Amino acid sequence: MAKLILSMDGLVLKEIPLVKERMTIGRKPHNDIQIDNLAISGEHAAVVTILNDSFLEDLNSTNGLVNGQTIKKHFLKNNDVVELGKYKLKYIAEQPARADAADFEKTMLLRPNGARPASTAPAGGGTAAAPGAVAAGGATAMPALPVAAIQLLNGPNAGRELELTKTLTTLGKPGAQVAVIARRPHGYFITHVEGASFPVVNGQAIDAQAHALADHDVIEIAGVKMEFFLRA
């Protein structure tokens, strides 16, 4: 299990295991990781952990830094340091990151306008991406679980399909709304990643926790509707 080590001026204050899929960091008491310091925003940042991967989302703080660089969303790697004023949070991954971890930022973006024509599946047998889309990197597909797909229901790309063969598939528009669908041994789950509003499943907004998807669920992300279904 990954963890964060909170320190100040080189003194370790506590270790925080990442036991929840979404853990918030901030000055206010309702945060999962509270740091009572005026340099910290009331709701400063959030760490989202899906399977063995974690990433940091800045919640519009004025000083979101990772390894000295200003960030909005950052895939966390072992020994990354999140700077919070005088405080530091060091990310420790118990397992080595995947070789393609850097590809996490290559999200599948559903662009309502200006999408390029769809391409067929690659010669090597990979998944065909939706028009104007790049499928997120992920681990090898797990054969025990039926292959699922999503079909776009509106917009210029309506009718196009994307198979969910990767461990993680990220959907949405950065800066507006982003969610990720995780392929797990016991099913497919959608989790909110970025944006003020949460994804909608069958007409109901989900919360910050992972939401299990059922066959023929209708998902709406960043104004794009899509149907989740299991292939026969």
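Bear in mind that the values here come from a model prediction, so they are computed numbers and not experimental data.

## Section: the overall build of the chain
If you tally the helices and strands in the chain, you get zero helices and 22 strands. Within the chain, the fraction of its 232 residues that count as buried is 46%. Contacts in the chain between residues far apart in sequence, at least 24 positions, make up 44% of those at least 6 positions apart. Surface exposure of the chain reaches about 11,400 Å², of which carbon and sulfur atoms provide 53%.

## Quick word on the packing of aromatic side chains
A full pass over the atoms with the stated rule returns one aromatic pair. For arginine 184, the ring lying beneath its charged end belongs to phenylalanine 189, and the centroid distance is 4.6 Å.

## Re the pattern of salt bridges
Under the counting rule described, the total for this entry stands at six salt bridges. In this structure, glutamate 15 engages lysine 3 in a salt bridge whose closest nitrogen and oxygen atoms are separated by 3.2 Å. Separated by twelve residues along the polypeptide, glutamate 15 in strand β2 (residues 11–17) and lysine 3 in strand β1 (residues 3–8) bring together distant segments of the chain. The salt bridge involving arginine 184 is made with glutamate 21; its shortest N-O contact spans 2.5 Å. Here arginine 184, found in strand β16 (residues 177–184), pairs with glutamate 21, found in the loop between β2 and β3 (22–26); they are 163 residues apart in sequence, far enough to count as distant. By relative accessible area, arginine 184 is classed as buried at 11%. Salt bridges here are not isolated pairs; linked through shared partners, they connect Glu161, Glu163 and Arg231.

## Some words on the sheet that holds strand β13 (residues 148–152)
Across the sheet, which stays open at both edges, the six strands sit in the order β14-β13-β22-β21-β18-β19 with antiparallel pairing between neighbours. Lying at the two open borders of the sheet, with one neighbouring strand each, are β14 (161–163) and β19 (204–205).

## Things to note about the pairing of strand β15 (residues 168–173)
With five of its six residues buried, β15 lies for the most part within the structure. The pairing of β15 with β16 spans six bridges and is antiparallel. What sits directly across from glycine 172, in β16, is valine 178.

## Let's talk about the confidence of the model for the chain
Summary statistics for the chain give a mean pLDDT of 75 and a share of 75% for residues scoring 70 or more. Long-range and interchain partners of residues 96–142, a stretch whose pLDDT sits below 50, account for 90 contacts in this model, where long-range means more than four residues apart.

## As for the sheet that holds strand β5 (residues 45–50)
Pairing is mixed across the open sheet formed by five strands, whose spatial order is β4-β3-β5-β6-β9. With partners counted over all chains shown, the strands left at the sheet margins are β4 (33–34) and β9 (73–75), one partner each. By the bridge criterion, three bridges tie strand β6 (residues 53–58) to β9 in an arrangement that is antiparallel. In the sheet register, glutamate 57 faces β9, and the bridge partner there is lysine 73.

## Some thoughts on the nonpolar core
Among the nonpolar cores identified, the biggest contains 22 residues, and Leu4, Ile25, Leu56, Leu84 and Leu89 are the most heavily contacted of them. Listed by contribution, the elements that provide at least two residues to this core are β1, β3, β5, β10 (81–84) and β11 (87–92). With three residues, the single largest contributor to this core is β11. If we ignore the near neighbours within four places in the chain, the residues touching leucine 89 are Leu4, Ile5, Leu6, Ile16, Ile25, Asp80, Val81, Val82 and Leu84.

## Concerning the pairing of β13
Among the five residues in β13, four count as buried, and that is most of the element. In this structure, β13 lies alongside strand β22 (residues 224–230), joined through five bridges in antiparallel fashion. Considered in β22, the bridge of alanine 149 is made with phenylalanine 229. Alignment of β13 against β14, held across three bridges, turns out to be antiparallel. Paired with glutamine 151 across the two strands is glutamate 161, which belongs to β14.

What counts and what doesn't
- Residues numbered from 1 in each chain as written.
- Predicted model: local features only at pLDDT ≥ 70, side-chain atom pairs only at ≥ 80, totals over all residues.
- Heavy atoms only, no water.
- Helix = DSSP H or I, 4+ residues; strand = E, 2+ residues; numbered from the N terminus.
- Buried < 20%, exposed > 50% of the residue type's maximum accessible area, 1.4 Å probe, protein only.
- Contact = heavy atoms within 4.5 Å.
- Areas by Shrake-Rupley, 256 points an atom, 1.4 Å probe, with all protein chains shown as cover.
- Phe/Tyr/Trp six-rings, centres within 6.5 Å; stacked < 30°, edge-to-face > 60°.
- Lys NZ or Arg CZ within 6 Å of the ring centre and 35° of its normal.
- Salt bridge = Lys/Arg side-chain N within 4 Å of Asp/Glu carboxyl O.
- Pairing = 2+ DSSP bridges.
- pLDDT = per-residue confidence, 0-100.
- Core = buried A, V, L, I, M, F, W, Y, C linked by side-chain atoms within 4.5 Å.

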